[in-house]
Amino acid sequence: MRRLALSAGSLLLLTTLTGCPTVPEEDARAAIQQAFEAANPPGRVGVEVKGKSVWLTAPMFQEDCLHDNDLAFSDDAKKRPRGSKGLRISPTYKNQRYITGFTDEGWCIYLGSDPRIDIREGTWEGDRWDYFVIMSLADTSPWAQCLDYPVLNRQISVVRAEDGSAKVEGDLAIVDGACPQPLPGGEERRAGVRPSTKPSSAPSLDQVKNLLRDFDQALYDRDFEAALGMVSCYNVFEEQRYGTCSVAELINVAPLPRAGIARPEDGPPWSMNVFDSLDALKRVFADRDDPSLYHVEITPRKGDERTLAVQWVAGSWKLVGVVGLQGEDLTMMQIVYDLDRKEKREIFERRMQGEPIDAKGNPYDPYAESKTQE
């Protein structure tokens, strides 16, 4: 009997026509798993929301879910600028803390960690395997529950490549964009005990300048966790008001301009444009009431003299930062706060005691009776 010899191409055509898979299913599944792991490194995952002011472009989220969970406000679609792509949001103060990464075009919201994939049953359709896959994350933040359905649920195909291997067709990256991988941390607002210990000696002006240089460099390097570690932070919007600050309160705070030039992607400088150089710092003097606190006099570019403060905390000097003013965009920490001024200090201490007043001493409730009224 004469035997017929089939070429590789003829064999591929024959198996396709007869409905037999040209790619073994175990190879198809392994290819999907490998492609998923390559697209989603282990560790913390963040999604990029683009924008640097009030509204951030965030098409990957479900609008109603963000509202229902007090994660963000959304803008009026009719008022969006021409060319705007989908949903625009402004995070609530409560949940802005999950913004822990910085990009040139926006910020990164922490979603969760250690990506996973569930490859459901596949079907062979002519020349390919078709699979429905469900992706997920461990240790998720509240933002993850509001991801739109297509973000985590995909249809993926696997075909035979020219070399005979399994080739994945379809995007398996949970998120795209410029967020660092793994995403930095710093979302926890951890309470501490307000310092009160008197140091053995007052800080010198050089010590203060060195602290501020290190803080400024950390902001320049966008190492916000390191910058936050240099701060003695007071947050009047938390139930526990000392220490309860996250990196989100610093992520839109910029370093001093280098050579007089600010980076276009940065926010306002921590100096609040009061000064541009540490040469503006003139002297250090003790607080009248708190033995751990010292004020640093500043000669501003214009106007009256201003101050920032440093504090002795667990054996080292830290820069005093105050979260005391909520904004339409990200709520930011203030450094130049003038705590040496009697009226400013009195209002600050009342707020630290929980009195519902703003930074000017006015009640939050416009109908509340003034304490001075009889």
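This structure is a prediction, so every number in the text was calculated from the model and none was measured. (Residues numbered from 1 in each chain as written. Predicted model: local features only at pLDDT ≥ 70, side-chain atom pairs only at ≥ 80, totals over all residues. Heavy atoms only, no water.)

## Section: the overall build of the protein chain
- Within the protein chain, the regular secondary structure consists of 7 helices and 15 strands.
- Expected size for 374 residues packed as a compact globule is a radius of gyration near 21 Å; at 28 Å, the protein chain overshoots this value by more than 25%.
- Judged by the C-alpha coordinates and their principal axes, the protein chain covers about 110 × 50 × 40 Å.
- In the protein chain, which comprises 374 residues, the share counted as buried stands at 45%.
- Taking as baseline every contact in the protein chain between residues at least 6 positions apart, the subset at least 24 positions apart corresponds to 63%.
- Working note: accessible area of the protein chain is about 20,100 Å², and carbon and sulfur atoms make up 49% of it.
- Distance between charge centroids for the protein chain: 3 Å, based on 45 positive and 59 negative side chains. (Helix = DSSP H or I, 4+ residues; strand = E, 2+ residues; numbered from the N terminus. Rg over C-alpha atoms; globule rule 2.2 N^0.38 Å. Buried < 20%, exposed > 50% of the residue type's maximum accessible area, 1.4 Å probe, protein only. Contact = heavy atoms within 4.5 Å. Areas by Shrake-Rupley, 256 points an atom, 1.4 Å probe, with all protein chains shown as cover. Lys, Arg positive; Asp, Glu negative; His and termini not counted. Charge placed at Lys NZ, Arg CZ, Asp CG, Glu CD.)

## Comments concerning the state of the cysteines
- Applying the stated criterion to the full structure yields 3 disulfides.
- Covalently, C65 is tied to C146 through a disulfide, its sulfur atoms 2.0 Å apart. Taking the torsion about the sulfur-sulfur bond, which here is approximately -70°, the covalent link between C65 and C146 counts as left-handed. With C65 in helix α3 (residues 63-68) and C146 in the loop between β8 (128-138) and α4 (149-152), this residue pair connects regions lying 81 residues apart in the sequence. (Disulfide = S-S within 2.5 Å.)

## So, helix α5 (residues 205-220)
- Taking 1.5 Å per residue, 16 residues should reach 22 Å; α5 reaches 22 Å between its end C-alpha atoms and fits that length.
- Buried within α5 we find V208, K209, L211, L212, F215, D216, A218 and L219.
- Buried residues along α5 sit against α6 (224-229), β11 (231-235), β12 (281-286), β13 (293-298), β14 (306-313) and β15 (316-323).
- Following α5 by one or two positions, R222 adopts a phi angle in the positive range, close to 60°. (Expected span 1.5 Å × (residues − 1).)

## Topic: the environment of R350
- With respect to the secondary-structure elements, R350 resides in helix α7 (residues 342-352).
- Residue classification places R350 among the partly exposed residues on the basis of a relative accessible area of 33%.
- For R350 and V236, which are 114 residues apart along the polypeptide, the C-alpha to C-alpha distance reads 9.7 Å.
- When neighbours within four sequence positions are excluded, R350 is seen to be in contact with E355, I357 and G361.

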